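# Fold and geometry: a report
In case you want the letters, here they are:
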Amino acid sequence: MNSSRSLLSVAGLTALLLGQPLPAAEPPPGVDLSPVKPQIHNSGLPEHWAQQGVFMEILVRAYQDSNGDGIGDLNGLTRRLDYLQSLGITGIWLLPIYRSADHDHGYAVADYRNIEPDYGTLADFDRLVAEAHKRGIGVILDYVINHSADTHPLFVAANNDAASPWRNWYVWKNTKPTGWQTYGGDPWYAGKAGGYYYGAFAQSMPDFNFRNPDVLAFHLDNLRFWLNRGVDGFRFDAVGALVENGPNAWEGQPENHNIMRQVHDLLNQYGKRYMVAEAPAYPVEFSASDSAGSAFAFGLQNAILKSVQMGRVMDTLPAYLKQKPVASMGTFLSNHDSFAGPRVAQQLSEDVPSQQLAAATLLTLPGIPFLYYGEEIGQTFSEPVKWDDQRLRGPMSWDDSAHAGFSTTQPFRSLAQNHVTANVATENGKPGSLLETYRALIALRKAQPALQTGSLRILSDDDDPVFVFVREQDKTQLLVALNYSRRTASAALPTAWQGQWQLLYTNARPGNVQLKSDSVNLAEQQLAIFTRNVP
């Protein structure tokens, strides 16, 4: 017997003597394992609010400081809801807000049912959700289901005692496995009380053991905890890595889909809830109805931005749209992770027309669009930083003041390099600005059901300078033409799509748009959207 085995309690010894089941182990201090019963409330949001709107991804730490400590918080975000509403945003995705060990990105969760102290309190969170709902904005949380922090009380107990009842909540081996390489390299780390635990991302973030049914039950209770507070859904982190079957089978295993199906079933019980999975290598599989139902369209962002950069329709763009179920997927141009690419402004050399074209492509294609905070003003990197991802996670640029309107004191991280020229105050209300282009395109998408959930028919060929496609729903057809080139260019219209069209939107003077019965002619980097009704 292992010398570190904990002594049985009196109740445990009594149960053994009487042949009764052992009583459930008491959870270690600092962790809430109490079961949570569903309490379903109506948010007041439309039935299909997620599919019909546009999301903003927000790092609370970097959005707005309300108390002068240089760190963004929930009350600061609440103060900025009017801005988000004026932009047309109908959903916000909050990067992890739970109490964490890293006190930065939040993906090392130490308490799944509490708020990171830097951000405020549960009461502050409840106020944020209520105020968001008043403005027709849904709130989804980033949920870290694959791993916890190594400071989480359950892992501390497992790590300190090889016979702990919590040992089986994480992935352990008595001897160190060989031949493994995951996101963080060799994923096996020596435990304090012997054995080796598995952390696909880092030593500080041990993976949960989903072969133990209590683990999924724990997460489902945590989700109910937040759903009962009015949360409108979740973005699930790293769902492709939930179950491991060997050194060459640690990602994309079939068991992952069963787990996410059960999560999906839970959210369906609440009604009007939305979930989206992060699975960069498996976006199609997790968008299936027998899995998460929606996943981010990784790869589409590269196809869009490369087309804008190269000035022509890259073959990867129509191929992605034709081969993948984009209509049910979360679409984006950039996010908080450097592996998804730098900030859009960085990739497009801070060229405003190029950024407008990228935004127009995203917001007129099928899918559920997600913007990354600051993208709408052309925000760039923060420097210097300790880790690459932190470049993407700098304070929001609200104005050109000393602290960019983010705080009254030195922010937790350096400001964006271009905060003096690219900020909300400078661009707000300015015709032709990037911010006003985003505002107009979002309003157009919200006003046109064909842009939200309509069918897609691509009329362009690979390498054409103009990307032309049709969105159609009911009796409304929208013709979208995006000239990616830096010269005037024409696009021929197939016979079925010739005829009378009415100009709905353009980023140039309407007189510069030349629409003939069989073709459309656009100035350099011009976009135009036309409409017509069919019998």
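Model, not experiment: these values are computed from the prediction.

## Notes on the overall build of the protein
Along its length, the protein carries 16 helices and 20 strands. Compactness check: the protein gives a C-alpha radius of gyration of 25 Å against a globular reference of 24 Å for 535 residues, within 12% of the reference. Look at the contacts in the protein between residues 6 or more apart in sequence, and 66% of them connect residues 24 or more apart. Accessible area of the protein: about 21,100 Å², with a carbon and sulfur share of 50%. Computing the positive centroid from 42 side-chain charges and the negative centroid from 53, the protein places the two 3 Å apart.

## Here we look at the packing of aromatic side chains
Applying the stated rule across the entire model yields 42 aromatic pairs. Seen from their ring centres, phenylalanine 155 and tryptophan 172 are 5.9 Å apart, and the 10 degrees between their planes marks the pair as stacked. Residue phenylalanine 155 is located in helix α6 (residues 153–160), and its partner tryptophan 172 is located in strand β6 (residues 172–173); the two are separated by 17 residues in the primary sequence. Across this residue pair, the class does not change: phenylalanine 155 and tryptophan 172 are buried. Between tryptophan 166 and tryptophan 169 the ring centres are 5.5 Å apart and the planes differ by 70 degrees, which places this aromatic pair in the edge-to-face class. Here tryptophan 166 falls in the buried class, since its relative accessible area comes to 8%.

## Brief notes about the packing of helix α7 (residues 213–227) against helix α8 (residues 255–270)
With their axes 11 Å apart at the nearest point, α7 and α8 run at an angle of 25 degrees to one another. Classified by the angle their axes make, α7 and α8 are roughly parallel. For α7 against α8, the interelement crossing comes out right-handed. Contacts between α7 and α8 involve Leu216, Leu220, Leu223, Arg224 and Leu227 on the former and, on the latter, Ile259, Gln262, Val263, Leu266, Leu267 and Tyr270. Here the residues of the contact of α7 with α8 are counted per class, giving nine nonpolar, one polar and one charged.

## Focus on the UniProt feature "domain: Glycosyl hydrolase family 13 catalytic" (unreviewed entry) in the protein
In the numbering used here, UniProt assigns the feature "domain: Glycosyl hydrolase family 13 catalytic" (unreviewed entry) to residues 57–445. Along residues 57–445 one finds 31% helix and 12% strand; the C-alpha atoms at either end are 18 Å apart.

## A look at the confidence of the model for the protein
Mean pLDDT over the protein works out to 94, with 95% of the residues at or above the 70 mark. Of the regions scoring below 50 in pLDDT, residues 1–16 engages in 18 contacts with residues more than four places distant in sequence or in other chains.

## Describing the sheet that holds strand β1 (residues 55–58)
With respect to topology, seven strands assemble into an open sheet ordered β10-β9-β5-β2-β1-β12-β11, the strand pairing being parallel. The strands lining the two open edges of the sheet, one partner per strand, are β10 (274–277) and β11 (330–332). The sheet shows a mean angle of 25 degrees between the axes of neighbouring strands, taken without regard to direction. Direction of pairing for β1 relative to strand β12 (residues 368–372): parallel, over a ladder of three bridges. Each residue of the ladder has a partner; that of glutamate 57, found in β12, is tyrosine 372.

## Observations regarding the side chain of glutamine 526
Residue position: glutamine 526 is located in the loop between β19 (519–522) and β20 (527–533). Of the residues examined, glutamine 526 reaches a relative accessible area of 1% and is grouped as buried. Reaching out from glutamine 526, the side chain makes a polar contact with the backbone nitrogen of alanine 523 at a distance of 2.7 Å.

## Considerations on the packing of helix α10 (residues 300–310) against helix α13 (residues 352–364)
At their nearest, the axes of α10 and α13 sit 10 Å apart, and the two run at 145 degrees to each other. Seen from above, α10 lies across α13 with right-handed handedness. Residues Ile304, Leu305 and Val308 of α10 form the contact with α13, whose participating residues are Ser354, Leu357, Ala358, Thr361 and Leu362. Residue classes in the contact of α10 with α13 are distributed as six nonpolar, two polar and no charged.

## Considerations on the environment of asparagine 67
Mapped onto the elements, asparagine 67 comes out in the loop between β1 and α3 (74–79). When the C-alpha atoms of asparagine 67 and threonine 409 are compared, they prove to be 9.7 Å apart, with 342 residues separating the residues in sequence. Looking at asparagine 67, its side chain comes within polar contact range of the main-chain nitrogen of aspartate 69, at 3.4 Å.

## Observations regarding the sheet that holds β19
If you trace the three strands from one edge of the open sheet to the other, you get β16-β19-β18, paired in antiparallel fashion. Looking at the sheet topology across the chains shown, the edges are occupied by β16 (489–492) and β18 (514–515).

## What to know about the nonpolar core
Counting 143 residues, the largest nonpolar core has Leu84 and Ile92 as its most contacted members. No other element matches α7, which puts eight residues into this core. Sequence-distant contacts of isoleucine 92, that is, excluding residues within four places in its chain, are made with Phe55, Met56, Ile58, Leu77, Leu81, Leu84, Ile137, Gly138, Val139 and Ile140. Of all hydrophobic cores here, the second largest spans 16 residues; its members include Leu459, Ala491, Val520 and Phe530.

## Some details on unusual backbone geometry
Backbone torsion omega between glutamate 383 and proline 384 reads -5 degrees, so that peptide bond is classified as cis. A positive phi angle, near 55 degrees, is found at aspartate 474, a position not held by glycine. Position of aspartate 474 among the secondary structure elements: in the loop between β14 (466–473) and β15 (476–483). A positive phi angle is found at glutamine 525, which is not glycine, with a value near 50 degrees. For glutamine 525, the location among the structural elements is in the loop between β19 and β20.

## Regarding the pairing of β14
The element β14 is extensively covered by neighbouring structure, given that six of its eight residues are classed as buried. Judged from the four bridges that link them, strand β13 (residues 455–458) and β14 form a sheet pairing that is antiparallel. From the neighbouring strand, leucine 456 faces β14, where its bridge partner is arginine 471. The hairpin formed by β14 and β15 contains two residues between the paired strands, and aspartate 474 there has a positive phi angle of roughly 55 degrees.

What counts and how
- Residues numbered from 1 in each chain as written.
- Predicted model: local features only at pLDDT ≥ 70, side-chain atom pairs only at ≥ 80, totals over all residues.
- Heavy atoms only, no water.
- Helix = DSSP H or I, 4+ residues; strand = E, 2+ residues; numbered from the N terminus.
- Rg over C-alpha atoms; globule rule 2.2 N^0.38 Å.
- Contact = heavy atoms within 4.5 Å.
- Areas by Shrake-Rupley, 256 points an atom, 1.4 Å probe, with all protein chains shown as cover.
- Lys, Arg positive; Asp, Glu negative; His and termini not counted.
- Charge placed at Lys NZ, Arg CZ, Asp CG, Glu CD.
- Phe/Tyr/Trp six-rings, centres within 6.5 Å; stacked < 30°, edge-to-face > 60°.
- Buried < 20%, exposed > 50% of the residue type's maximum accessible area, 1.4 Å probe, protein only.
- Axes fitted to C-alpha atoms, helices over the stretch in contact; angles between N-to-C directions.
- Parallel < 35°, antiparallel > 145°, perpendicular 65-115°, else oblique.
- Left-handed = near helix turned anticlockwise from the far one by under 90°.
- Nonpolar A, V, L, I, M, F, W, Y, C, P; charged D, E, K, R; others polar.
- UniProt positions renumbered as here; feature names shortened; annotations may be inferred.
- pLDDT = per-residue confidence, 0-100.
- Pairing = 2+ DSSP bridges.
- Polar contact = N/O pair within 3.5 Å; in protein donor to acceptor, adjacent residues only side chain to side chain.
- Core = buried A, V, L, I, M, F, W, Y, C linked by side-chain atoms within 4.5 Å.

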